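Residue-level structure breakdown
For reference, the chains in residue letters:
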Amino acid sequence: KVIEPLSTKIHEPQNFIIPYTFKQAHQRWALPETCIFHSDRGSQYTAKAVTKLVNQYHWQRSFSALGKPGDNAWSESFFAIMKKELIYQIQFKNINDLRAQVFAYIETFYNRVRVQARLDYLAPVAWLSLYDQASQKALSKLSEKVLTSRWPSINTKRRLPSSSSQESGISILI
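Another point: the overall build of the protein chain. If you tally the helices and strands in the protein chain, you get six helices and four strands. Along the chain direction, N to C, the helices and strands of the protein chain fall in the order β-α-β-α-α-β-α-α-α-β. Looking at the protein chain residue by residue over its 174 residues, the buried ones come to 33%. Put simply, 62% of the contacts in the protein chain that link residues at least 6 apart link residues at least 24 apart. For the protein chain, the exposed area adds up to about 11100 Å²; of that, 54% sits on carbon and sulfur atoms.

So this is what it looks like as C-alpha cells:
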C-alpha cells in the first residue's frame, strides 16, 4: 500500500489538486490497471474529473458505505497511524509547516522506512520493487513456456522483453 501525498500546490483550487495528484501518482509509481484507490466519499474524490481519471486508469474504487467509515478500514488505519506517529507528536507553527511535515512523513518515512506486517515486514516502496521484479520473472517464464510450446526450435536463452503484470495487490491512497 503506497501513499501519495497531495500536491504541494497549496494555492490551487481543490478541483485541480486531486486530479493533478492522481496523474502524478500514476506516472510516478507506474501503477497497474488493477490498482485499488482508497478514499472517503468527499466531494473532491467523487468529482467528475477524478471519476474520469479513475476510469481512464482502470483503477478500482474503494469507498466506504455512507456513514460506515469502517468499511474502508485501510484508509482509516493509515490516518490513525499518521495521527499517532506525527500529528499528536509535533506542535506545528502554521498550516504550511503542517503540510510540509505530513509530506515528509509520507515520502521519507511511511513509504520508504515504516515496515508493515501485511507486506512481509517491508516498507511499501521496497515491497513494490520486489513485486515488480517477481512480476517480470513470472512473465518471462510464462513467455518462455508459451514460446517453446508453440515453436520448440526457438532459442529461449535470449532475454525476453519486459512487460508489466496485470495482476496486482497494489493499493493507493491519495
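Our next topic: the nonpolar core. The biggest cluster of nonpolar side chains holds 17 residues, and the ones touching the most others in it are F22, F37, V54 and W59. Among the secondary structure elements, those contributing two or more residues to this core are α1 (14-29), α3 (48-57) and α6 (124-150). Ranked by size, the runner-up nonpolar core spans nine residues in total, among them L86, F92, V102 and Y105.

This next bit is on the pattern of salt bridges. Within the structure shown, the criterion is met by three salt bridges. Between E107 and R112 there is a salt bridge, with the nearest N and O atoms lying 3.8 Å from each other.

The end-to-end C-alpha distance of helix α4 (residues 73-85) is 18 Å, a good match for the 18 Å that 13 residues give at a rise of 1.5 Å each. Buried residues of α4: W74, S75, F78, I81 and M82, and no others. One side of α4 holds all its buried residues, which, seen down the axis, span an arc of 125°.

Further remarks concern helix α5 (residues 95-110). Within the span of α5, buried status applies to D97, V102, Y105, I106, E107 and Y110. Where α5 begins, the side chain of N94 points an oxygen toward the backbone nitrogen of N96, at a separation of 3.1 Å.

With a phi close to 60°, H58 is a non-glycine residue in the positive phi region. Topologically, H58 is positioned in the loop between α3 and β3 (60-62). Under the relative-accessibility criterion, H58 is labelled partly exposed at 46%. With a phi angle near 55°, D120 is a residue other than glycine that sits in the positive phi range. Position of D120 relative to the elements: it lies in the loop between α5 and α6. For D120, a relative accessible area of 60% gives the class exposed.

The contact between α4 and α5 brings their axes to 12 Å, and the two run at 105°. Taken together, the axes of α4 and α5 lie roughly perpendicular to each other. Residues F78, I81, M82 and E85 of α4 pack against V102, Y105, I106, F109 and Y110 of α5. Tallied by class, residues from the contact of α4 with α5 come to eight nonpolar, no polar and one charged.

Looking at the element boundaries, L98 is found in helix α5. A residue is classified by how much of its surface remains accessible, and L98, at 25% relative accessible area, is partly exposed. Separated by 11 residues in the primary sequence, L98 and I87 place their C-alpha atoms 8.4 Å from one another. Look past the residues within four positions of L98 in its chain and what remains in contact with it is I87 and F92.

Calculation rules
- Here the residue numbers are simple positions, counted from 1 along each chain's written sequence.
- Two thresholds apply to this predicted model, a pLDDT of at least 70 for residue-level local features and 80 or more for giving and counting side-chain atom pairs, whereas whole-chain, interface and lining totals are computed over all residues.
- The basis for every side-chain value is the complete set of non-hydrogen atoms in the structure, without hydrogens or water.
- In this text, helices come from DSSP runs of H or I with a minimum length of four residues, and strands from runs of E with a minimum of two, each type numbered from the N-terminal end.
- Remark: exposure states derive from per-residue accessible area (1.4 Å probe, protein chains only) relative to the maximum for the residue type, with buried under 20%, exposed over 50%, and partly exposed in between.
- Working rule for contacts: check all heavy atoms of both residues, and any pair within 4.5 Å makes them a contact.
- Where accessible areas are quoted, they stem from the Shrake-Rupley method and a 1.4 Å probe; at the residue level, only the protein chains shown are allowed to cover.
- Among buried residues, the Ala, Val, Leu, Ile, Met, Phe, Trp, Tyr and Cys ones that are joined through side-chain atoms within 4.5 Å form a nonpolar core.
- Salt bridge criterion: a side-chain nitrogen from Lys or Arg within 4 Å of a carboxyl oxygen from Asp or Glu.
- The span one expects for a helix is its residue count, reduced by one, times 1.5 Å.
- This arc describes the spread of directions from the helix axis toward the C-beta atoms.
- Identification of polar contacts relies on pairs of N or O atoms within 3.5 Å, with a donor-acceptor requirement for protein atoms, meaning one able to donate a hydrogen and the other able to accept it, and with residues adjacent in sequence counted only if both atoms are side-chain atoms.
- Geometry is summarised by axes, namely lines fitted to C-alpha atoms with helices restricted to the contacting stretch, and by angles between N-to-C directions that run from 0 to 180 degrees.
- We call two directions roughly parallel when the angle between them is under 35 degrees, roughly antiparallel when it is over 145, roughly perpendicular when it lies between 65 and 115, and oblique otherwise.
- Polar here means any residue outside two lists: the nonpolar Ala, Val, Leu, Ile, Met, Phe, Trp, Tyr, Cys and Pro, and the charged Asp, Glu, Lys and Arg; Gly therefore counts as polar.

Without other data, these values stay purely geometric and don't point to any function.
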